[in-house]
Amino acid sequence: MTRICFVCLGNICRSPLAAGVFKHLVQLAGLEAEFHIESAGMGEWHVGELADPRSRRTAQARGIRLTDTAQQFKRSDFERFDVLIAVDEDNADALRRLAPTPRERAKVRLLREFDPEADGDLDVPDPYYGGMPEFERVYEMVERSSRDLLHWLTRPTK
Ligand code: 4NP
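This structure is a prediction, so every number in the text was calculated from the model and none was measured.

Student: What is the right way to look at the sheet that holds strand β3 (residues 83-86) in this model?
Tutor: What links the strands of a sheet is backbone hydrogen bonding, and the strands pair in either a parallel or an antiparallel sense. Across the sheet, four strands lie side by side as β2-β1-β3-β4; this open sheet has parallel pairing. Two strands lie at the open edges of the sheet, namely β2 (35-41) and β4 (108-110), each paired on one side alone. Going across the sheet, the axis of each strand differs from the next one's by a mean of 25 degrees, ignoring polarity. Bridging between strand β1 (residues 2-8) and β2 involves seven bridges; their strand directions are parallel. Residue pairing across strands places threonine 2 opposite phenylalanine 35, the latter belonging to β2. Of the strands in this sheet, β1, β2, β3 and β4 touch helix α6 (residues 132-153), which is tilted by about 150 degrees from β1.

Below, the structure written as structure tokens:
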């Protein structure tokens, strides 16, 4: 069992989309029993809210329903997860600063490390002040990255 949490700033745009897409890929692969999947935000502003309607619409167009509500990432969450996937460097830095030990800090990875088209840009841009085209771009990055992330997490040498 791999316990994985996707982390962004507000937990309403990028990380719920990433968790929903990753969960969908896990289901398609028949690997539900192998994963526990959540998302969280470093900020507290949107705790308890559903994902942003634009993220939900983008996912829904691919048959993916985002139903979880926003939660803030807490220091105690480091124990609950094996892998923490940050959507950008800012949130990865914030997670590393919060990590109680080097062992917990080493759980932090960037989503776009797994994007075959990242080309050196490892941030998923915050689409909050954008429109649907920004959300579509985020979706494409998230889907490409999630495919390779799933391969990495299920690699035979693990
Ligand atoms: P997210 O986007 O980190 O992808 O969920 C944001 C949503 C809300 C805010 C910032 C980023 N905000 O400042 O309220």
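Alright, that's what it looks like, and here's the rest.
Student: Teacher, can you tell me more about the site of the ligand here?
Tutor: Taken together, the residues surrounding the ligand are Cys8, Leu9, Gly10, Asn11, Ile12, Cys13, Arg14, Trp45, His46, Asp126 and Tyr128. Residue leucine 9 places a main-chain N or O atom 2.9 Å away from an oxygen atom belonging to the ligand. At 2.8 Å from an oxygen atom of the ligand is found a main-chain nitrogen or oxygen belonging to glycine 10. In isolation the ligand offers 350 Å² of accessible surface; the protein chains occlude 90% of this area.

Student: Got a minute to help me understand the pairing of β3 in this structure?
Tutor: One face of the sheet, then the other: side chains in a regular strand alternate in exactly this way. Alternating residues of β3 divide into Val83 and Ile85 and Leu84 and Ala86, and every residue in both groups is buried. Relative to β3, β1 runs parallel, the two being bridged by four bridges. Looking at β3, one finds that cysteine 5 is bridged to leucine 84. Judged from the three bridges that link them, β3 and β4 form a sheet pairing that is parallel. Counterpart to leucine 84 in the pairing with β4 is valine 108.

Analysis parameters
Per chain, residue numbering runs from 1 following the sequence as it is written. pLDDT decides what is reported in this predicted model: residues at 70 or higher carry local features, side-chain atom pairs at 80 or more are listed and counted, and totals for whole chains, interfaces and linings draw on all residues regardless. Here the side-chain values reflect all heavy atoms present in the structure, with hydrogen atoms and water set aside. Two strands form a pair only when DSSP identifies at least two bridges running between them. Secondary structure counts use DSSP, requiring at least four H or I residues in a row for a helix and at least two E residues in a row for a strand, with both numbered from the N terminus. Here, axes are lines fitted to C-alpha atoms. For helices the fit covers the stretch in contact, and angles between N-to-C directions go from 0 to 180 degrees. By definition in these notes, contact holds between two residues if any of their heavy atoms fall within 4.5 Å. Proximity criterion: a residue is near a molecule or strand once any of its heavy atoms comes within 4 Å of it. Each polar contact in these results corresponds to two N or O atoms within 3.5 Å; when the atoms are within protein, one needs to be able to donate a hydrogen and the other to accept it, and residues that are neighboring in sequence are counted only if both atoms are side-chain atoms. We get accessible surface area from the Shrake-Rupley algorithm with a probe of 1.4 Å; when it comes to residues, only the shown protein chains can shield them. Each residue gets one of three labels from its accessible area relative to the maximum for its type: buried under 20%, exposed over 50%, partly exposed in between, using a 1.4 Å probe on protein chains only.

Read these as geometric descriptors, not functional statements.
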